[in-house]
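# Results of the structural survey
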Amino acid sequence: MDANTSTEARKRSKPEDENYRPPKRTVKIDQIATATTNITTPNKFATLTEDSEVPTTAENQTTDHENTKPSSKKRSTHRSSTDNFKVLNINPSTSDTNTTNTATEDAKNTIPIVLRNKAKLENLRQKMNTNKINYTKASTTAQGIRIQPQCTDDYRKLRKLMEAEGHEYHTHSPRQERSLKVVIRGIPVESTEEEIIEDLNRQGYPVFKITRMNGKQKIPAPMVLVELERKYNSIYKLTHVVGLSITTEALRQSGEIIQCHRCQLFGHIQQNCTAEYKCMKCAENHNTHECVKPKTIAAKCSNCGGPHTSTYKNCNERSKFMKHNRKIDAIHIIAWNCNGISNKKQELQTYAHIHKSDIILLNESHSKPQHSLCMKNYMTYRQDRIDRVGGGVAALVKK
Ligand SMILES: [Zn+2]
Ligand SMILES: [Zn+2]
Ligand SMILES: [Zn+2]
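Residues numbered from 1 in each chain as written. Chains lettered and ligands numbered in written order. Predicted model: local features only at pLDDT ≥ 70, side-chain atom pairs only at ≥ 80, totals over all residues. Heavy atoms only, no water.

The chain is annotated in an unreviewed UniProt entry as Pre-C2HC domain-containing protein from Aquatica leii.

Okay, here's the thing in structure tokens:
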């Protein structure tokens, strides 16, 4: 890896970097899901409707699990003993029990495209008719006309058409086209990026990007972020890299909203935007890199007109977007008859992290008051059986 790439990698580790967002809920552990139920709760920011183009912070991910370095033995038991997990995917729009209308389901899952110039809708509609591009819904939003293509094929055709016609739009990448971003823990800073890439390649994982992650004090940590094609998701089963025991996990989300570096609006990234450039510093119609505004002149926000750059965290427009774009998202619940939790906490923690579990319900915890049932980022509610062996229940709720 050359110096430029390394520099870019360092830049990309900043939480506000638009490209730095995780594959959300992409990891599936084989045959674990045994039950599904659906509920909804408003707890995430909506962008369009997609879920993985959300920024993450490398720093949050650096030291949280410093104590979670399971041996390869632990990893092998992890897989074999998770069969009792019941995963409750709670989201009515993705219920897997009543999928009689597959077309409707597909339509719900397609990615919307936002036509930025509302006046161009009629023109676009005519072209869509001519090209037999179907959509299920078009609605007006503050950012433009939000068009919901009928299926993924329509999405691709519409995007191509809009590009050909020179329409300004923004959207998201289809999930299958996004890269898989995986954090590998346990690789010391002494291991070079070249060595790691070479070994991953040898093991059948052609990584196209690697980033050394930093600890909380911005000190390089024994963990790297690798990006590769989504089809290589068996990388989560890796146990060794450069001869060392390692663990893998999905990149976490930071909770930050994403912002386009091209048009400065929130909720999408510049790779999926063809809107007119807005300068981050002076709000004029040019790429920020071409800005010649002297530092002595105050910045101007292209979103609110205020005297700050458009990436300013306390910008009113940013707050408004966050407030008005909360997403009805899924709650992920695990129900597990764990038959004694004391030697399975690490396993549970890993599983809960991968699945971004919100609530963990345990029975047969076999815990006694002197046993800790605490897990990072979770509140624990428990009822131990103290008069005899066995029993015990606990509920862990994400803070
Ligand atoms: Zn944009
Ligand atoms: Zn400028
Ligand atoms: Zn502003």
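That shown, we press on.
A few words on the coordination of the zinc ion (ligand 3). Looking at the zinc ion (ligand 3), the protein donor atoms are Cys301 (SG), Cys304 (SG), His308 (NE2) and Cys315 (SG), and they sit 2.2 to 2.3 Å from it. Here the zinc ion (ligand 3) is ringed by 4 donor atoms whose angles at the metal span 95 to 115 degrees, and the overall shape comes out tetrahedral. Each donor residue of the zinc ion (ligand 3) belongs to the same chain, and together they define the spacing C-x2-C-x3-H-x6-C. Taken together, the residues Cys301 in the loop between β12 (247-250) and α7 (316-324) and Cys315 in the loop between β12 and α7 connect sequence positions 14 residues apart. (Donors = N, O, S within 2.8 Å, 3.2 Å for Na, K, Ca; no water. Tetrahedral: all angles 85-135°; square planar, octahedral: opposite > 155°, others 65-115°. Helix = DSSP H or I, 4+ residues; strand = E, 2+ residues; numbered from the N terminus.)

A separate point is the sheet that holds strand β3 (residues 113-115). Across the sheet, which stays open at both edges, the 4 strands sit in the order β4-β5-β3-β6 with antiparallel pairing between neighbours. In this open sheet, the two strands that pair with only one neighbour each are β4 (135-141) and β6 (169-170). Pairing of β4 with strand β5 (residues 144-149), which is carried by 6 bridges, proceeds in the antiparallel orientation. Directly across from Ser139, in β5, lies its bridge partner Arg146. Along the sheet, helix α4 (residues 121-130) makes contact with β3, β4 and β5, crossing β5 at roughly 20 degrees. (Pairing = 2+ DSSP bridges. Contact = heavy atoms within 4.5 Å. Axes fitted to C-alpha atoms, helices over the stretch in contact; angles between N-to-C directions.)

Another point: the coordination of the zinc ion (ligand 2). Distances from the zinc ion (ligand 2) to its protein donors, Cys279 (SG), Cys282 (SG), His286 (NE2) and Cys291 (SG), fall at 2.1 to 2.4 Å. Taken together, the 4 donor atoms coordinating the zinc ion (ligand 2) span angles of 101 to 120 degrees at the metal, a pattern that classifies the geometry as tetrahedral.

The next point concerns the pattern of salt bridges. Under the definition given, this model contains 9 salt bridges. Here Glu229 makes a salt bridge to Lys231, at a shortest N to O gap of 3.8 Å. Take Glu229: its relative accessible area is 43%, and that puts it in the partly exposed class. In this structure, the salt-bridge partner of Arg388 is Asp387, at a minimum N-O distance of 3.8 Å. Here Arg388 and Asp387 have matching classes, each one exposed. (Salt bridge = Lys/Arg side-chain N within 4 Å of Asp/Glu carboxyl O. Buried < 20%, exposed > 50% of the residue type's maximum accessible area, 1.4 Å probe, protein only.)

For the rest of this paragraph, the subject is the confidence of the model for the chain. Regions with low pLDDT carry predicted coordinates that are not meant to be interpreted in detail. When pLDDT is averaged along the chain, the result is 76, and 70% of the positions lie at 70 or above. In this model, residues 1-60 is a region of pLDDT below 50 whose contacts with residues beyond four sequence positions or in other chains number 199 contacts. Predicted confidence for residues 62-102 stays below pLDDT 50, and this span has 98 contacts to residues more than four positions away or in other chains. (pLDDT = per-residue confidence, 0-100.)

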